[in-house]
Each structure stands twice: as structure tokens, then as C-alpha cells.
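Descriptive analysis of the structure
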Amino acid sequence: MAIAICPGSFDPVTNGHLDIIHRASRLFEKVIVLVIINPDKTPLFTSEERVEMIRRSIDLPNVEVDSYRGLLADYVKRSGATVIVKGLRAVTDFEYEFQMALINKKLAPFAETMFLTTDASNMYLSSSVVRQVGSFGGDISPFVPEQIREQIAGRLKSL
């Protein structure tokens, strides 16, 4: 069974993230959406909140959600995954993601990294954009799943 991991911070999850997850779910028997906990960042939402928001946004039988603090390569080994799926918006994403793919290949040589280009409608979209627009009271409804929109907007208004 082919298992893929879609890692990210998902702070918060966006429609662009969901597009990549949905597409990966059609390519692999099992997809694990992995909220990576980066100790160098101060997230807007806790890892538990991010996991819960992703679960509320996705209703796909072959997709599960988890969180992990540590090296992605270690989680890949532990989960039995053989593919890491990353979304690319632009060339600037590619440079960083390519470097990470090479590092992960060294640490987990059995796993391949697959890049999926984002849908053109999401090329500009990032969690940072959502946080910025929402923190100034802008409408985030075109950018995030309807199921979690109020939760995100409420947190951003409190900043």
C-alpha cells in the first residue's frame, strides 16, 4: 500500500493546502496530513487546534491527520510512508523545497518527494497572507475552508 505524507505547518490550513491534499488522496492509497511542530516558530494556533481544523475541513476516507515534533524523515520511517508530497506555488517555493527534498532523501533514502503545482487560483495564497488579511479585519472567506472560517477569523481579530 502506497502511503504519502503531506507535511506542513498549516497555521492556518488554507484552500491551497486542501487542494494539494485532495489531489494527493487521488494518487495514493493513504495520505497522512502531518502538522509539523517547529520549535523555532510561534504559531497562531496550537498543534492540536491545527490538527482539529484540518480534520473538520477534510472528509476523505483515505486521509488521516497527525502532528509531529521532530525530523520529517523520522516520521516517514515510523509511518511506513514512501512519498512526501509538497505543494509548489512559485519558483521561490521550489528553491527551499528542493533543498528540503535533498536533505530528506539523505535521511530517508527509501522515500521520494513529489511536487504538485498549486492550482492557478491559489498561487498567491499562503497561511501568512490569511493571517495578514484577517488581522486587519479583511474577508478571509475566499482563502480558508468554510467549516473553520469563524474559528480563524475570531483568533485573528483578537491579535
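Up top is the structure these notes are about.
Report on the accompanying structure.

Turning next to the nonpolar core. In this structure, V33, I54, I58, V85, I140 and I152 are the most contacted members of the largest nonpolar core, which totals 33 residues. Sorting the residues of this core by element identifies β1 (3-8), α1 (15-27), β2 (30-36), α2 (47-57), β3 (63-68), β4 (83-88) and α6 (149-157) as the ones contributing at least two each. Core analysis: the second largest hydrophobic core is formed by 13 residues, I32, L34, A73 and A108 among them.

Attention shifts here to the sheet that holds β2. Overall, parallel pairing links the 5 strands, which are arranged β3-β2-β1-β4-β5 in an open sheet. Whereas interior strands pair on both sides, the edge strands pair on one side only; in this sheet they are β3 and β5 (112-117). Averaged over all neighbouring strand pairs, the angle between strand axes comes to 30 degrees, with direction disregarded. Two strands pair when backbone bridges link them, and β1 and β2 are joined in this way by 6 bridges, in the parallel orientation. Residue P7 lies in a different strand from β2, and its bridge partner there is L34. Contacts between α1 and the sheet are confined to β1, β2, β3, β4 and β5, with β5 contributing the most and set at about 125 degrees to the helix.

For the rest of this paragraph, the subject is the pairing of β3. Working note: regular strand, side chains alternate between the two faces of the sheet. The pairing of β2 with β3 spans 6 bridges and is parallel. The partner of V35 across the bridge, within β3, is S67. After leaving β2, the chain enters α2 and then returns to the sheet as β3, a path that is right-handed.

The rules behind each value
- Residues numbered from 1 in each chain as written.
- Predicted model: local features only at pLDDT ≥ 70, side-chain atom pairs only at ≥ 80, totals over all residues.
- Heavy atoms only, no water.
- Core = buried A, V, L, I, M, F, W, Y, C linked by side-chain atoms within 4.5 Å.
- Buried < 20%, exposed > 50% of the residue type's maximum accessible area, 1.4 Å probe, protein only.
- Helix = DSSP H or I, 4+ residues; strand = E, 2+ residues; numbered from the N terminus.
- Pairing = 2+ DSSP bridges.
- Axes fitted to C-alpha atoms, helices over the stretch in contact; angles between N-to-C directions.
- Contact = heavy atoms within 4.5 Å.
- Right-handed = clockwise from strand over helix to strand, strands pointing away.

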